[in-house]
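# Structural features, examined
One letter stands for each residue in the lines below.
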Amino acid sequence: MQHHLSTGLLGLNAWRAALRTVRAWGRIFYLGAASGVLLLSPSSYGRTGRQLLLRQVYADTVPILLGFTVLAALICLVITRIVVVTAASYGLSRYALEMVIRVLVLELIPLTAALFVAMRCSIPNGTALALLRENGHLQALQRAGRDPLREEVLPRVLSSIYASLTLAALSCAVATVTAYLAVYGFNTAGLPIFTRLFGQVFTPPVTVLFVLKTFFFSLAIALIPMASGLYEQTAQRAGQPGQELSGLARMFAVLLVIEMASLMGNYY
């Protein structure tokens, strides 16, 4: 009897967990669709809407721009030096620069930019959104005839996407310049070789995959924390310890899936 009760309880818990997972992903897709509709709607870009969007984009992008650029330059310089010296010790110097471009610019930098924006902007924004929901601010906006999605959610989603794309583009440019300077120094003698090698790495299919990967990274780190903050209950109210970490787990899982799909598309 006790065995049957335990089996039934496990099955019920598994069913509830599956329902929570499906509900969470449904909310993420709904928020993405709603945000896309609002982004395409001209009414989102009135005077008040523009001010909200620009203020949030500025607050989430400009303060982290310089720090991340310096950090990316230091990381790229160190990794480039390690790869070049290691390749030279094995007699593989001609492959060192291509490896640096593939590892840094193509794979590491977009993921690093997305994670940096997630930790610095989108996760705190999701937490702030949850606090606004808990203290009744979003409900008050709705009762006043205003749209909480347009006023509180859309600026945070757009700013996270913009910050991720901006940091990825800027850091890729910094990584390219840093790799060139680490190998050839402050002269233009290596520009023809470097340009040809860069073109050999960034073929049209690879470039398309790179752009898509960076874009989907930005969508993942923008939407998933916002959906968690907007819809999920706190651990105390939901009765589920570690409930706050479920959104982070989903975000990291999506980033991993996107990266794996990109690797398969580039190398298989």
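How each quantity is defined
- Residues numbered from 1 in each chain as written.
- Predicted model: local features only at pLDDT ≥ 70, side-chain atom pairs only at ≥ 80, totals over all residues.
- Heavy atoms only, no water.
- Salt bridge = Lys/Arg side-chain N within 4 Å of Asp/Glu carboxyl O.
- Buried < 20%, exposed > 50% of the residue type's maximum accessible area, 1.4 Å probe, protein only.
- Axes fitted to C-alpha atoms, helices over the stretch in contact; angles between N-to-C directions.
- Helix = DSSP H or I, 4+ residues; strand = E, 2+ residues; numbered from the N terminus.
- Parallel < 35°, antiparallel > 145°, perpendicular 65-115°, else oblique.
- Left-handed = near helix turned anticlockwise from the far one by under 90°.
- Phe/Tyr/Trp six-rings, centres within 6.5 Å; stacked < 30°, edge-to-face > 60°.
- Contact = heavy atoms within 4.5 Å.
- Nonpolar A, V, L, I, M, F, W, Y, C, P; charged D, E, K, R; others polar.

Another aspect to go through is the pattern of salt bridges. Per the stated rule, a full pass over the model turns up six salt bridges. A salt bridge links Arg-133 to Glu-134, with the shortest nitrogen-to-oxygen separation between them at 3.3 Å. Given a relative accessible area of 15%, Arg-133 falls into the buried group. Connected through shared salt-bridge partners, Glu-107, Lys-213 and Glu-259 make up one network.

Here we come to the packing of helix α3 (residues 93-134) against helix α5 (residues 148-184). When two helices pack together, you describe them by how their axes are tilted relative to each other and by the distance separating the axes. In contact at an axis separation of 8 Å, α3 and α5 are set at 155° when each is read in the N-to-C sense. Between α3 and α5, the crossing angle belongs to the class labelled roughly antiparallel. α3 and α5 meet at a crossing whose hand is right-handed.

Aromatic ring pairs are described here by two measures, namely the spacing of the ring centres and the angle between the planes. Evaluation of the coordinates by the stated rule reveals seven aromatic pairs. Look at Tyr-180 and Phe-194: their rings are 5.3 Å apart centre to centre, the planes differ by 75°, and that puts the pair in the edge-to-face class. Of the two residues, Tyr-180 is situated in helix α5 and Phe-194 in helix α6 (residues 191-201); the sequence distance between them amounts to 14 residues. A residue is classified by how much of its surface remains accessible, and Tyr-180, at 9% relative accessible area, is buried. Ring geometry for Phe-202 against Phe-210: centres 5.6 Å apart, planes inclined by 85°, an arrangement best described as edge-to-face. Side by side, Phe-202 and Phe-210 carry an identical accessibility label, which is buried.

The next subject is the packing of α3 against α6. Between α3 and α6, the shortest axis-to-axis distance is 10 Å and the interhelical angle comes to 50°. It follows that α3 is oblique to α6 by the angle criterion. Crossing of α3 against α6: the hand is right-handed. Judged by residue contacts, Leu-97, Glu-98, Ile-101 and Arg-102 of α3 engage Phe-194, Leu-197, Phe-198 and Val-201 from α6. Residue composition of the contact of α3 with α6, grouped by class: six nonpolar, no polar and two charged.

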